[in-house]
Amino acid sequence: SKWFVFALPVSLVSVMLAFAALCTRYVKSLKFRGISHETLEAEYSDLLNEVGPFSRDELLVGLIQLTQVVLLIIRPFAISPFVQTEYGENLVNDATLACAPALLLFFLPS
């Protein structure tokens, strides 16, 4: 809920500072001579042989993670107002939406 308002700017600033530090430390001193198309294709085929093709399990984990992020963002507006006790207490919070997709991963066959 309110953690997103706090964490997003902090995260963006941290990523930009880390990127700037790494660029000034390592990238500025390198001389780029270019990479041929054949070298890129050879590297890609080596990586594909090492890792393997994109699998169904990877797709499911990605979709569940995306669903979790969307649920965490829309919870205050679309979920919490409808899932309450008769006294107005919320029954769904961030912890519920963090654990439910993780639990779902245990039930998916691989």
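Quick summary incoming for the structure in this document. (Residues numbered from 1 in each chain as written. Predicted model: local features only at pLDDT ≥ 70, side-chain atom pairs only at ≥ 80, totals over all residues. Heavy atoms only, no water.)

1. Points about the overall build of the protein chain
When helices and strands are tallied, the protein chain shows 4 helices and 0 strands. Helices and strands appear in the protein chain in the N-to-C order α-α-α-α. Scaling as 2.2 N^0.38, a compact globule of 110 residues should have a C-alpha radius of gyration of about 13 Å, whereas the protein chain reaches 22 Å, well beyond that. Projected onto its principal axes, the C-alpha positions of the protein chain cover 70 × 40 × 15 Å. Each of the 110 residues in the protein chain was classed as buried or not, and the buried ones make up 9%. The long-range fraction of contacts in the protein chain, counting pairs at least 24 apart against all pairs at least 6 apart in sequence, stands at 50%. Put simply, the protein chain shows about 9500 Å² of open surface, and 70% of that area lies on carbon and sulfur atoms. One finds the centroid of the 7 positive side-chain charges in the protein chain at a distance of 16 Å from the centroid of its 10 negative side-chain charges. (Helix = DSSP H or I, 4+ residues; strand = E, 2+ residues; numbered from the N terminus. Rg over C-alpha atoms; globule rule 2.2 N^0.38 Å. Buried < 20%, exposed > 50% of the residue type's maximum accessible area, 1.4 Å probe, protein only. Contact = heavy atoms within 4.5 Å. Areas by Shrake-Rupley, 256 points an atom, 1.4 Å probe, with all protein chains shown as cover. Lys, Arg positive; Asp, Glu negative; His and termini not counted. Charge placed at Lys NZ, Arg CZ, Asp CG, Glu CD.)

2. Thoughts on the pattern of salt bridges
Enumeration over the complete set of coordinates arrives at 2 salt bridges. One salt bridge in this structure joins Arg 75 and Asp 94, with 3.0 Å as the shortest N-O distance. In this pair, Arg 75 is assigned in helix H3 (residues 56-79) and Asp 94 in helix H4 (residues 94-107), connecting sequence segments 19 residues apart. (Salt bridge = Lys/Arg side-chain N within 4 Å of Asp/Glu carboxyl O.)

3. Focus on the environment of Ala 20
With respect to the secondary-structure elements, Ala 20 resides in helix H1 (residues 3-27). A sequence separation of 34 residues divides Ala 20 from Phe 54, and the C-alpha atoms of the two residues are 32 Å apart.

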